[in-house]
Every structure is written in C-alpha cells, then in structure tokens.
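Listed below are the residues making up each chain.
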Amino acid sequence: MDDKITMIEDLPGVGPATAEKLRDAGFTTIEAIAVASPADLALNADVGESTASKIIIAARSAADVGGFETGDMVLERRKLVGKITTGCEAFDELLGKKGVETQAITEFYGEFGCGKTQIVHQLAVNVQLGAEHGGLDGSVIMIDTENTFRPERIAQMVAGTSKRTGEEYDPEEFLKNIHVARAYNSNHQILLAESASQLAQELKESGKPVRLLIVDSLTAHFRAEYVGRGTLADRQQKLNKHMHELLRFGDLHNAAIVVTNQVMSKPDAFFGDPTKPIGGHIVGHTATFRLYLRKSKGEKRIARLVDSPCLPEGEAVFSVTMEGLAE
Ligand code: GTP
Ligand code: MG
C-alpha cells in the first residue's frame, strides 16, 4: 500500500464530511472502497457518481487490490502460507500435515454437538503459539453468531496446551489476543467481517498480527432469516459476497479463515439430505477445505476431508476432552 494513504481521509476528494458519510455507510477502509462500485458508493455515501468513481480509482491504486497477478507473484504469496496445528496429529495429517492453512477458508460442518465450536476455540489458542509448537504467533478475530464463545473454555485449553508443550502459558495472555464480536444478524455479521480488516490493520505491527479469522457459525443467521423459496437467491448472493470478503481478508493478512456450518437435519427439511451442509454450492465452492464432522463413541469425533484442491480424501479420529482437542 502507498505509504501516505492509510486512512480514508487521505484519499483525494474525501474531506472530513465525506469520510464520515463513507464510514457510516460501512466503507471504513481503503480496501472496502476499492472494491465498491461507483453506484453503490454514490448511493450510500451521498456523493455524486463521478466523485465516487474518482475516490474508487484512488482507493484502488492505494490499496493494491487490483486485478491480475502473475504466476510467480502468486507463488511468492503462497510461500508465505502458514499452518495452525489442531493439537492432534491425525487431524493435522488429514489437513495436509501441519493443520489449518492461511490464505484459505476451512469449513467445519456437521450436526449439533459434533465439536465445531470446540475446534475453533482450540485454534484460537493454538494460533498464538510459536512456530515450534505449531502456531503462528498471531492473534485472532472471532465473529460469534450464536453466543457460544466461552473464555473459561479457552482457559482450560490453555492449561491443556501447557501440558502438551511443556511450557507455562498464562490464560489471561491468550484471552487478550482473542478479539470477539457478537453478530446479531446476517447484515451485522457481514459488517463485522468488513471491519475486521481495520482491526487487523491496527494490529499488523503489534507483534501479534491477526493470523486467524473465525466465523462461528457462518450460516446460522442466513438460514434463520431467509426462509421460503423466494428468498434463496438473495441469501446466496449475500453469502457469496460475504465468503469472498473473508477470502480477501485471508489473502490480505495472510490469515487462516475458519468457518463453521450446520447440516440440514431439521425435521422440517424432511427431504433434505441430513449430511448436507447449509449454503449449497456457494459455500462449497468458496471454501478451500471442507471437513465433515460426526460423533463417534463418547468423546471421539470423526473428521472427514470432503473437498480439497490438493489433498486426498480421508478421515481422522480425534477427541474433545476437558483439556481440548486430543488424539
Ligand atoms: P452446534 O454449534 O450446536 O451446531 O454444535 P457444535 O458442533 O459447535 O458443538 P460443540 O463444539 O459445542 O461441541 C459440544 C460437545 O463438545 C459437547 O457435546 C461435549 O462433548 C464437548 N464439550 C464441550 N465443552 C466441553 C468441556 O468443557 N469439556 C469436555 N470434556 N467436553 C466438552
Ligand atoms: Mg457451535
């Protein structure tokens, strides 16, 4: 990004009043403006369309979100891909040896109680570890749509991690690096994903840059709000935009994106396949790794890699224990 342009006020044509309007309309970062359409910006921020175009062009050149990359640039970026351990060897192996990847969306789906929320809690701990213990020395942004984030659970998992690694970790320190926002509806969820970039920007030089963005659950609000056949197209369009926003975050910040998803097992979805994830092909095609989780005996869970560009399909068994994920 251009050295000088970091705030939206720095864009030519954006004075304090316009900046305020842009922010109110959700265009809080240079990146958000760069990918907006002139009509959208004009309508939402109350500026003329030609002004909007100029602002967008300036934002594009400042944000470097533009168009094409050559293969060697993609390769360079891919070299920076990091991995976050799940804390369970078999599970890591299933994910291609070292766990969940950055610059990609990993989706965990399955019925209630199969361990989705437990996995994201564990990853929120593990991403903070140093490389020697399978982490990325990073912090976490968590968008919590079901109010299931539990700091007490994090503390238990940190205790488990201390045991696993032989280090003495302080749960307080871990909690400080988890930035949780509750999403009250799907629009709010989308907005939070957009403002996540701003927070990540602020934390970039902090020594604990954001390396993991969690959305738990990705689809629950969408599913609850868009009921009935006529609403499907609208829902899918919103979900599609949201997924791409997340993917962009992953590329921009070299962060792992982890989302959870339910399956269609409600009694009213009588004809729906009870092992199919919500969100259809939109979620399926945008997620880079999809894992289907199911319950086994007691604490045991089975993860199956369903769809991946470069890994063989397979299964891994893990346990959800008091101290977190384990073999
Ligand atoms: P939904 O969000 O309802 O779709 O389910 P989920 O897939 O997110 O399930 P979640 O991750 O919340 O898993 C719940 C399961 O994790 C419980 O059935 C327990 O088996 C296990 N679990 C949750 N908390 C604890 C805990 O503190 N100790 C232990 N040992 N297990 C726990
Ligand atoms: Mg859950």
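Note that the structure is a prediction, hence the values are computed from the model and not measured.

*Asks:* Would you take a moment to explain the overall build of the protein chain for this structure?
*Replies:* Within the protein chain, the regular secondary structure consists of 13 helices and 11 strands. Over its C-alpha atoms the protein chain spans a radius of gyration of 20 Å, differing by no more than 12% from the 20 Å that the globule rule assigns to 327 residues. Here the protein chain holds 327 residues, and 49% of them are scored as buried. A separation of at least 24 residues holds for 65% of the contacts in the protein chain among residues at least 6 apart in sequence. Approximately 15,800 Å² of the protein chain is accessible, and the part contributed by carbon and sulfur atoms is 54%.

*Asks:* Where do I start with the domain arrangement of the protein chain in this structure?
*Replies:* Frequently, the measure chosen for interface size is the accessible area that the parts lose on association. One can read the domain layout of the protein chain as domain 1 (8-63) and domain 2 (78-326). The gap between the C-alpha centroids of domain 1 and domain 2 is 31 Å. On the domain 2 side, the residues contacting the six residues of domain 1 number six residues. On the domain 1 side of the interface with domain 2, the three residues burying the most area are Thr-28, Thr-29 and Glu-31, jointly 62% of the side's total.

*Asks:* Just checking my understanding: could you explain the site of ligand 1 for this structure?
*Replies:* Lining the immediate surroundings of ligand 1 are 16 residues, of which Gly-113, Gly-115, Lys-116, Thr-117 and Gln-118 lie closest. Separating an oxygen atom of ligand 1 from a side-chain N or O atom of Arg-301 is a distance of 3.2 Å. Taken by itself ligand 1 offers 660 Å² of open surface, and the protein chains cover 66% of this. Residue assignment for the shell around ligand 1 shows that the elements contributing at least two residues are helix H7 (116-126), helix H8 (151-165) and strand S10 (314-321). Looking at the shell around ligand 1 element by element, the count peaks at three residues for H7.

*Asks:* I keep staring at the pattern of salt bridges and nothing clicks. Help me out?
*Replies:* A complete count under the given rule lists 14 salt bridges for this structure. For Arg-23, the salt bridge goes to Glu-9, with nearest N and O atoms at 3.1 Å. Of the two residues, Arg-23 is situated in helix H1 (residues 16-24) and Glu-9 in the segment before H1; the sequence distance between them amounts to 14 residues. For Arg-23, a relative accessible area of 29% translates into the label partly exposed. Here Glu-9 falls in the partly exposed class, since its relative accessible area comes to 29%. Each of Arg-294, Arg-304, Glu-313 and Glu-315 takes part in one network of salt bridges that share partners.

*Asks:* Sorry if this is basic, but what is going on with the nonpolar core here?
*Replies:* As a rule of thumb, nonpolar side chains are buried together in soluble globular proteins. If you look at the biggest cluster of nonpolar residues, it comprises 36 residues, and the most contacted ones within it are Phe-91, Phe-108, Leu-212 and Phe-318. Top element by residues in this core is H7. It accounts for five residues. Non-local contacts of Phe-318, meaning those with residues more than four positions away in its chain, are made with Cys-88, Phe-91, Ile-119, Leu-293, Glu-299, Lys-300, Arg-301, Ala-303, Leu-325, Ala-326 and Glu-327. Judged by nonpolar contacts, the second largest core, of 26 residues, contains Leu-192, Val-215, Met-243 and Leu-246.

*Asks:* What is the right way to look at the pairing of strand S4 (residues 139-144) in this model?
*Replies:* Working note: regular strand, side chains alternate between the two faces of the sheet. Summarising burial for S4: six of the six residues are buried, a large majority. Residue alternation in S4 divides its side chains into two sets, Ser-139, Ile-141 and Ile-143 and Val-140, Met-142 and Asp-144, and both sets are buried. Sheet topology note: the S4/strand S6 (residues 210-216) ladder contains six bridges and is parallel. Among the inter-strand pairings, Ile-143 is bridged to a residue of S6, identified as Val-215. Pairing analysis gives five bridges linking S4 to strand S5 (residues 178-182), with the strands arranged parallel. Each residue of the ladder has a partner; that of Ile-141, found in S5, is His-179.

*Asks:* Would you mind showing me how to read the environment of Ile-282 here?
*Replies:* Mapped onto the fold, Ile-282 is located in helix H13 (residues 280-286). On the basis of relative accessible area, Ile-282 is assigned to the buried category, the value being 14%. Ile-282 sits 41 residues away from Lys-241 along the chain, and the two C-alpha atoms are 9.6 Å apart. Beyond its immediate chain neighbours, meaning those up to four positions away, Ile-282 contacts Gln-236, Leu-239 and Asn-240.

Here is what the cut-offs are and how they apply
- Residues numbered from 1 in each chain as written.
- Chains lettered and ligands numbered in written order.
- Predicted model: local features only at pLDDT ≥ 70, side-chain atom pairs only at ≥ 80, totals over all residues.
- Heavy atoms only, no water.
- Helix = DSSP H or I, 4+ residues; strand = E, 2+ residues; numbered from the N terminus.
- Rg over C-alpha atoms; globule rule 2.2 N^0.38 Å.
- Buried < 20%, exposed > 50% of the residue type's maximum accessible area, 1.4 Å probe, protein only.
- Contact = heavy atoms within 4.5 Å.
- Areas by Shrake-Rupley, 256 points an atom, 1.4 Å probe, with all protein chains shown as cover.
- Domains from an automatic or database assignment.
- Buried area = accessible area lost by both parts, 1.4 Å probe.
- Near = heavy atom within 4 Å.
- Polar contact = N/O pair within 3.5 Å; in protein donor to acceptor, adjacent residues only side chain to side chain.
- Salt bridge = Lys/Arg side-chain N within 4 Å of Asp/Glu carboxyl O.
- Core = buried A, V, L, I, M, F, W, Y, C linked by side-chain atoms within 4.5 Å.
- Pairing = 2+ DSSP bridges.

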